[in-house]
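Descriptive structure summary
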Amino acid sequence: MADRIKKEELITYAYILLYIALSAGQIFFNKWVLSSKEINFPYPLGLTLYHMVFSSVLCFALTKFSKILKVEEGMTSEIYVTSVIPIGATFAITLWLGNTAYLYISVSFAQMLKAVMPVAVFILGVAAGLEVMSYRMLLVMSVISFGVLVASYGEIDINWMGVIYQMGGVVAEALRLIFMEILVKRKGRKLNPISIMYYVSPCSALCLFIPWIFLEMPKMDAQKSWSFQPFMLTLNSFCTFALNVSVFVVISHTSALTIRVAGVVKDWVVVLLSALLFADTKLTLINICGYAIAIAGVASYNNSKLKKEATRSSSDGNHRDEEYIPVASGTPSDK
């Protein structure tokens, strides 16, 4: 019995480490692909479009032909128009802006700016009637914002264009999470990540294809210095898909608290490794102190949300410790 429990614990730790490795690795992989000094495919909109097309094709193949994965039924045209399309559109914007930020700012600074995500989610949640303003949450949001401001103040080579793109991606991601919460709470639809990818990926691909025609396709036709490597881009897209699946696996074998804690660990890993891997990353003491303050606020926010959800689940007679976790984006705003 003890051996079986120990084996299960080892498997659980292996899943968690896999998620952290895939999540951190995907961020570096995207930076590598977009970098003019490496793969040299400096078209974040085109890269994101490639991801979504690949995800759409793979989800369709896995669910319709191999029957390995199952898509949850019950999707109606009303839900698709009012929920899936807004989720797909905001998801596309999140990926687009998040990847574009890589062209202007370092990976570590992008992660620091991403720490302000709970603030955006909370403010939009209050506006949508999904959250309730309280002095405690206001204090937590202030701590996170202060930490991000301190980290930004410590940035040596700050590029405001990159900051604008990253913060735009944060707002779009917050909107996506709000639309997902509305889908779950108000419309009673709780889809697993595979189902979300199946429905959302084609919509996101279409939302990306239209601006790509006008914004990046002319540049790609005019500039011949960029490199298109089908194998590398397909591998990059497959890693994005694997990351999404790993989130589902971790949640299935652990809990919401585990994935949130793992996410914080992953953020620190990305910040520290980026300082070692990329020449454009120079961490200062102010950077680290500010980010530590922001992460402390994020941890407090996560803890508060988990307690609230546990209380609600208990009152509803639902004793499962799983919760819906949005699929990862494969960008700096990956969940």
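Please read these numbers as outputs of a predicted model, since none were measured by experiment.

Scanning the chain from terminus to terminus reveals 12 helices and zero strands. For the chain, the N- to C-terminal ordering of α and β elements is α-α-α-α-α-α-α-α-α-α-α-α. Evaluated residue by residue, the chain yields a buried proportion of 51% over its 335 residues. Approximately 15900 Å² of the chain is accessible, and the part contributed by carbon and sulfur atoms is 70%.

Before going further, it helps to examine the environment of Val-265. Relative to the helices and strands, Val-265 is located in helix H11 (residues 256-277). Judged by its relative accessible area of 39%, Val-265 falls in the partly exposed class. When the C-alpha atoms of Val-265 and Ile-295 are compared, they prove to be 10.0 Å apart, with 30 residues separating the residues in sequence.

In this structure, Asn-40 is a non-glycine residue whose phi angle is positive, near 65 degrees. If you trace the backbone, Asn-40 turns up in the loop between helix H1 (2-34) and helix H2 (44-64). Accessibility expressed as a relative area gives 16% for Asn-40, which makes it buried.

All right, on to the confidence of the model for the chain then. When pLDDT is averaged along the chain, the result is 80, and 82% of the positions lie at 70 or above. Here H11 stands out as the element of the chain with the lowest mean pLDDT, 75, in contrast to H2, whose mean of 91 is the highest. A low-confidence stretch, residues 319-330 stays under pLDDT 50, and its non-local contacts, those more than four residues away or across chains, total 49 contacts.

Moving on to the packing of aromatic side chains. This model, assessed by the stated rule, comprises six aromatic pairs. Ring plane angle 20 degrees and centroid distance 5.6 Å describe the contact between Tyr-104 and Tyr-165, whose orientation is recorded as stacked. Linking Tyr-104 in the loop between helix H3 (77-101) and helix H4 (107-114) with Tyr-165 in helix H7 (residues 160-185), this pair joins segments that are 61 residues apart in sequence. For Tyr-165, a relative accessible area of 24% gives the class partly exposed. Measuring from ring centre to ring centre gives 5.2 Å for Tyr-198 and Tyr-199, while their planes differ by 85 degrees; the resulting arrangement is edge-to-face. Judged on exposure class, the residue Tyr-198 and its partner Tyr-199 are both buried.

One pass over the structure, following the stated rule, counts three salt bridges. Between Lys-114 and Asp-267 there is a salt bridge, with its nearest N and O atoms 3.2 Å apart. In this pair, Lys-114 is assigned in helix H4 and Asp-267 in helix H11, connecting sequence segments 153 residues apart. Owing to a relative accessible area of 9%, Lys-114 belongs among the buried residues under this scheme. Judged by relative accessible area, which is 10%, Asp-267 ranks as buried. Across the pair Lys-266 and Asp-267 runs a salt bridge whose closest N-O atoms are separated by 3.0 Å. Judged by its relative accessible area of 1%, Lys-266 is buried. Beyond isolated ion pairs, a larger network of salt bridges with shared partners links Lys-114, Lys-266 and Asp-267.

Before going further, it helps to examine the environment of Tyr-104. Classification of Tyr-104 by relative accessible area gives partly exposed; the value is 35%. The spatial distance from the C-alpha of Tyr-104 to the C-alpha of Tyr-165 is 8.9 Å, given a sequence separation of 61 residues.

Burial analysis of H4 places eight of its eight residues in the buried class, which makes it a mostly covered element. Residues of H4 that are buried: Val-107, Ser-108, Phe-109, Ala-110, Gln-111, Met-112, Leu-113 and Lys-114.

Reading the values: the criteria
Every chain is numbered on its own, with residues counted from 1 as its sequence reads. Local features in this predicted model are restricted to residues whose pLDDT is 70 or higher, and side-chain atom pairs enter the listing and the counts only when it is 80 or higher, whereas totals over whole chains, interfaces and linings include all residues. The side-chain figures draw on all heavy atoms in the structure; neither hydrogens nor water molecules are used. Helix numbering and strand numbering both begin at the N terminus, where a helix is a DSSP run of H or I of at least 4 residues and a strand a DSSP run of E of at least 2. Three labels apply to residues, based on accessible area from a 1.4 Å probe with only protein chains included: buried if under 20% of the type maximum, exposed if over 50%, partly exposed otherwise in between. Methods summary: accessible areas were calculated by the Shrake-Rupley approach with a probe of 1.4 Å, and residue burial reflects only the protein chains presented. You can read pLDDT as the predictor saying how much it trusts each residue, on a scale of 0 to 100. In this description, contact between two residues means that some pair of their heavy atoms is separated by no more than 4.5 Å. Each pair of aromatic rings taken from Phe, Tyr and Trp, with Trp reduced to its six-membered ring, is defined by centres within 6.5 Å and is described as stacked if the planes are under 30 degrees apart, edge-to-face if over 60, and tilted in the remaining cases. The working definition used for a salt bridge is a side-chain nitrogen of Lys or Arg within 4 Å of a carboxyl oxygen of Asp or Glu.

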